[in-house]
Amino acid sequence: MRASSLILTTLLLAACTGGTDAKSTAKNAADQIVESTGPGERFESARGQFAMEFPVYWKGQYRAVERNDSTAGARMAVEFVFTPAAGSGEKESTLFLVRIFSSKAWSQLKGRPGPPIAVEAGSKGDDVYGLSFAGKNPYPAGTAIAAKFDSLMLSVVNGPPTVRLSTK
């Protein structure tokens, strides 16, 4: 689990930065404190029986779409979609999905060769909740919208503050 998480984090960092042309989005401690103050954003999936806690700066930056999904034996997914500012002319793009697998399907998935399609984020009963991330930042490197997409993605991967999934 630890090795696959490290590999996935490395892949995500490379994907989010869009290569060597991307500007650094490193934040100082004051920026991090400002972003983490105030009430955070909460999403609840009654059908999926889980909730997601996001940092306050996620407000108004995404929408969630619940749907059936059979990828690698999943039973459903909730897609978290980045929503650029109204009037920006930019298209929405998937940030990540929470896929819900049976424990049997999850065991089979973990035994597959190659990079993982999901990282375990929690479990309850026979359900395993896996996170599947966008393969790359779809916006032009060095732009403000690319930096915002990276910021949201990286908060899911490594915070601060971290995004949390909890089961109901």
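Here, every reference points to the structure presented above.
Described in the following lines is the structure provided in the data block. (Residues numbered from 1 in each chain as written. Predicted model: local features only at pLDDT ≥ 70, side-chain atom pairs only at ≥ 80, totals over all residues. Heavy atoms only, no water.)

1. Quick look at the overall build of the protein
Here comes step 1: Scanning the protein from N- to C-terminus turns up four helices and eight strands.
Here comes step 2: Taken over 168 residues, the protein has a buried fraction of 39%.
Here comes step 3: The contacts of the protein with a sequence gap of at least 6 include a subset with a gap of at least 24, amounting to 53%.
Here comes step 4: Total accessible area on the protein is roughly 8,900 Å²; 54% of this is exposed by carbon and sulfur atoms. (Helix = DSSP H or I, 4+ residues; strand = E, 2+ residues; numbered from the N terminus. Buried < 20%, exposed > 50% of the residue type's maximum accessible area, 1.4 Å probe, protein only. Contact = heavy atoms within 4.5 Å. Areas by Shrake-Rupley, 256 points an atom, 1.4 Å probe, with all protein chains shown as cover.)

2. Topic: the sheet that holds strand β8 (residues 164–167)
Here comes step 1: Here we have three strands laid out as an open sheet, ordered β1-β2-β8, and antiparallel in their pairing. Strands at the two margins of the open sheet, each flanked by one partner only, are β1 (41–45) and β8. For this sheet, the mean angle separating the axes of adjacent strands, direction not counted, is 20°.
Here comes step 2: The pairing of β1 with strand β2 (residues 50–54) spans five bridges and is antiparallel. Among the inter-strand pairings, Glu 44 is bridged to a residue of β2, identified as Ala 51. (Pairing = 2+ DSSP bridges. Axes fitted to C-alpha atoms, helices over the stretch in contact; angles between N-to-C directions.)

3. Looking at the environment of Gly 60
Here comes step 1: As for its placement among the helices and strands, Gly 60 is situated in the loop between β2 and β3 (62–68).
Here comes step 2: Sequence separation between Gly 60 and Phe 82 is 22 residues, and the spatial gap between their C-alpha atoms is 9.2 Å.

4. Remarks on the pairing of β3
Working note: regular strand, side chains alternate between the two faces of the sheet.
Here comes step 1: As paired strands, β3 and strand β4 (residues 74–82) are joined by seven bridges and run antiparallel to one another. By the bridge assignment for β4, Arg 67 is matched with Ala 77.
Here comes step 2: Hairpin connection, β3 to β4: the antiparallel pair is bridged by five residues, and Ala 72 has positive phi, about 50°.

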